[in-house]
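Results of the structural survey
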Amino acid sequence: MSSTTGSTTGGVPAAATPSTSAATGSSGSPGRLAEETSQGKTTIAASVVQKIAGIAAREISGVHSMGGGLSRTFGALRERIPGGGTGASNVAGVQVEVGEKQAAVDLDIVVEYGASIVDLARAVRRNVITAVERMTGLEVIEVNIAVNDIHLPDEDEAPPAPATPAPSRVE
C-alpha cells in the first residue's frame, strides 16, 4: 500500500527528528515509515505495527482475547506449529494498513463480562495510538474496534473428565 490515507497536518510526528524528510517513492514493502536522511533510510514493516497494536490492546484490563472465534482457534493451532506463529497475518484480531506516514488499525476483541465496553474501547484505542506512534513515528489516523464476543467467567475451561464414567441414569 504505497498511498497514505487522508492528509497530514503536521507531517511526521514529534518522535521523528525535525531535520528528516519523508520519501515519496515506494519501495514495494506493504508498510513502512519511509524516512530518508543523509545517513540512511528507515522502513517499518506492517507486521511490526500489527504486533505493537496487538500487544497494546491486550495490555488493557477487560480485554479477554483478540480475534473472532474462528481466528482465535486457527491462531492457537498456528502457535503450536514450529514457525507458524510468525508473520503479519498471524496476529489474531489485528489488521493494519500502513502508508508512508500514517497507519490505520482494525481490532477484533473479546471483552470480559462486566466491563464497560465504551470505556474499554476508549482505553484500548488510546493505548494502541500511543504505543504505535511512540514506537514507530507513524501517525495513527484511526483505530476501529469490533467487539465480537463477551467472555463469561464460567467459560474459562471445561472441567476435567471424571476418572470413572458416571453410571447410566437409564437402562
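Residues numbered from 1 in each chain as written. Predicted model: local features only at pLDDT ≥ 70, side-chain atom pairs only at ≥ 80, totals over all residues. Heavy atoms only, no water.

With respect to the overall build of the chain
For the chain, the count of helices and strands is 3 helices and 7 strands. From first element to last, N terminus to C terminus, the chain shows the α and β order β-β-β-α-β-α-β-β-α-β. The buried share of the chain, reckoned over its 171 residues, is 33%. Across the chain, every contact between residues at least 6 apart in sequence was considered, and the portion connecting residues at least 24 apart equals 72%. Surface exposure of the chain reaches about 10500 Å², of which carbon and sulfur atoms provide 53%. (Helix = DSSP H or I, 4+ residues; strand = E, 2+ residues; numbered from the N terminus. Buried < 20%, exposed > 50% of the residue type's maximum accessible area, 1.4 Å probe, protein only. Contact = heavy atoms within 4.5 Å. Areas by Shrake-Rupley, 256 points an atom, 1.4 Å probe, with all protein chains shown as cover.)

A word on the side chain of glutamine 102
Following the sequence through the fold, glutamine 102 ends up in strand β6 (residues 102-112). Its relative accessible area of 3% is what places glutamine 102 among the buried residues. At a separation of 3.1 Å, a polar atom in the side chain of glutamine 102 contacts the side chain of glutamate 139. (Polar contact = N/O pair within 3.5 Å; in protein donor to acceptor, adjacent residues only side chain to side chain.)

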